[in-house]
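If you want the building blocks of each chain, they are given just below.
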Amino acid sequence: MTEGVTAVVLGDEGSEAAAAVARALDDGTVRTTASVDEASALSREVDCVVVTSAGRARALLERLDGEPACPVVVLTARATPVTDRTRVRHHPADALGTLGERLVDAVLADRERQRAANRADDGDRGLVEREAAYRTLVEHIPNGGVALFDRDLRYTWVGGEVFERVDLDHEDIAGKTLEEVHSPAFLDANADAYRRAFEGERASLAFVYDDQHFRLDIVPVPDGDEVVAGLAMTRDVTDEVAGQRDLLVRTRAMDAAAIGLCLTDPNRPDNPLIYVNEGYERMTGYDAEEVLGRNPRHLKGPETEAEASRQMREAVENAESVSVDVTNYRKDGTPFVNHVDIVPLFDDEGDLVHFLGSQVDVTDQYERERALARQNEQLAEFASIVSHDLRSPLAVARGRIELARATGDLSHLEQAETGLERASELIDDLLTLAREGQTLDPTRVETVAVDAVARAAWDTVDTSGATLTVVDEWTVDADESRLRQLFENLFRNGVEHGATGGRSVEVRVGPLSERCGFVVEDDGPGVPEKVSERLFEAGVTTAEDGTGFGLAIVRSIAEAHGWAVRQTDSERGGARFEFDVPCLGSDD
């Protein structure tokens, strides 16, 4: 409790009071002297002076001639105090057991008073220093001015460099009200903000004076719970406004661009996006705040091309430019073809600072190119199909005309006319196929008798050395002409590959026994294993003079109807083609 406290006792050596002080202050922290002069000198070096009598206390205080340098505890037998000085305390001479506590209380109280006094002195000095610094700052604040105003909206103090820029003298403003200084337009716009400062509200305003732009901040100046003044801080922002206007124009120009623009920062981890324009937002469906801080690879998806990704990655790693078309994905998951240009940006020292990315949605162009390519393929296929499918009816017509010439039997011309009509019909259908691909005109779909269509198709195909067997009668919903074309190609395929070397082939057509649909099979040599997996591809054939389009046409017609077609071996070893057809009356 008394550790570190030092004291001097003004009294007789070996007195009971001196011993009590020594015990209270843990021996070694107290000195005893009978000399008033020595005690006076030592009072400047110790924490406390203990005087054993009132007479000696008066002599000491007289010698000190004022407030002592440390607390003085006077042991007295009377209630009457020796003095009322602040640092002098009294203690009963017959209560030496509590003397140590009195000493400590006196020392601690004195130390607290000293600290408080020091704080007050420091506060006064700090206030003076802050006021000097404040005035220096205000008077030299760049492009700005500061003013204090009272509740009457009267400027009480004004300063700042801004007055060097406008036709105003700050010394003339001090002492005047807002109405005496400012225009009616300024008062209408800003006077209420000055008044609300005394309600504790802050305001940030803008105004124009003498063709210059200013920012005005108004804040309350409190003293405890009361606002005693208002502070108006003005800053000339003319250059900033011009710069912001220029930046705004450039930003709007970039946002108005149809292309997406973005910047990334390669000096931050993972080269994140730090800017995207509105074109980027429109193109991708992402708002800027959703993607800033993320790497642009967030647009990748399942079909994003690995080669395009590799080219962009290597360009970034090597700080090089690159231009690629890549499949990206919008926020809603829809894919689009993105033409991406990436350009590295360097500072004056040659250090890489950013990557600029421009993005253009070329999906429509890409689809047009693909459609054109498909169209060209279809035209080429159409030419092959025309030559393929017209061969049989024209051959039939030619043969019948030759018979009519040789025999004079004009009935052959009727068969020739039938073949030519079929050729004309095929041309119309093949034109439709070339234009529509695997689509059907729904107005031409009707319930047709499959057995009758199969027999009609057989009559327009050169079936020399072959026979047709149609099992049962049944119907399907189909485009009759396209269905007939399907049978013609199947019959021609069976005869061309089966009736070779004088061999006769039988072609059989009938309904599937366990499900809705029909089958066309023959007893020919069957399909070689080497072409079985690619049988329905255009151009695949085993015949020397074959075109390989017959079964491709069959598949196209079946898929246009929504039918599934598969090829297997027949029980007699030939080729078998099964067609799964939705049952009549079924929604499947």
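Please refer to the structure placed before this passage.
All of these numbers come straight from a predicted model, not from anything done at the bench.

Rules and cut-offs
- Residues numbered from 1 in each chain as written.
- Predicted model: local features only at pLDDT ≥ 70, side-chain atom pairs only at ≥ 80, totals over all residues.
- Heavy atoms only, no water.
- Disulfide = S-S within 2.5 Å.
- Helix = DSSP H or I, 4+ residues; strand = E, 2+ residues; numbered from the N terminus.
- Buried < 20%, exposed > 50% of the residue type's maximum accessible area, 1.4 Å probe, protein only.
- Pairing = 2+ DSSP bridges.
- Axes fitted to C-alpha atoms, helices over the stretch in contact; angles between N-to-C directions.
- Contact = heavy atoms within 4.5 Å.

Trainee: What exactly am I supposed to notice about the state of the cysteines here?
Mentor: Cysteine pairs can be covalently joined through their sulfur atoms, and such a bond is termed a disulfide. Here the structure, examined in full by the defined rule, presents one disulfide. A sulfur-sulfur distance of 1.7 Å marks the disulfide that ties Cys516 to Cys583. On the S-S bond that ties Cys516 to Cys583, the torsion sits near 105 degrees, and the link is right-handed. Here the residue Cys516 occupies a position in the loop between strand S19 (505-511) and strand S20 (517-522), and Cys583 occupies one in the segment after strand S22 (575-580), the gap between them amounting to 67 residues. Judged by its relative accessible area of 29%, Cys516 falls in the partly exposed class. No disulfide involves Cys70; its sulfur sits 6.1 Å from that of Cys48, the nearest cysteine.

Trainee: Sorry, what's going on with the sheet that holds S22 here?
Mentor: Working definition: the strands of a sheet are paired by backbone hydrogen bonds and lie parallel or antiparallel to each other. Taken in spatial order, the five strands line up as S17-S19-S20-S22-S21 in an open sheet, and their pairing is mixed. Each edge of the sheet is formed by a strand with only one pairing partner; in this case those strands are strand S17 (466-470) and strand S21 (564-569). With strand direction ignored, the average angle separating the axes of adjacent strands in the sheet is 15 degrees. Relative to S22, S21 is paired through six bridges, and the arrangement is antiparallel. The partner of Gln567 across the bridge, within S22, is Phe577. Relative to S17, helix H15 (residues 450-459) is tilted by about 170 degrees, and along the sheet it contacts S17 and S19.

Trainee: I keep staring at the environment of Glu496 and nothing clicks. Help me out?
Mentor: Relative to the assigned elements, Glu496 resides in helix H16 (residues 480-498). Distance in space between the C-alpha atoms of Glu496 and Asp462 is 9.3 Å, their sequence separation being 34 residues.

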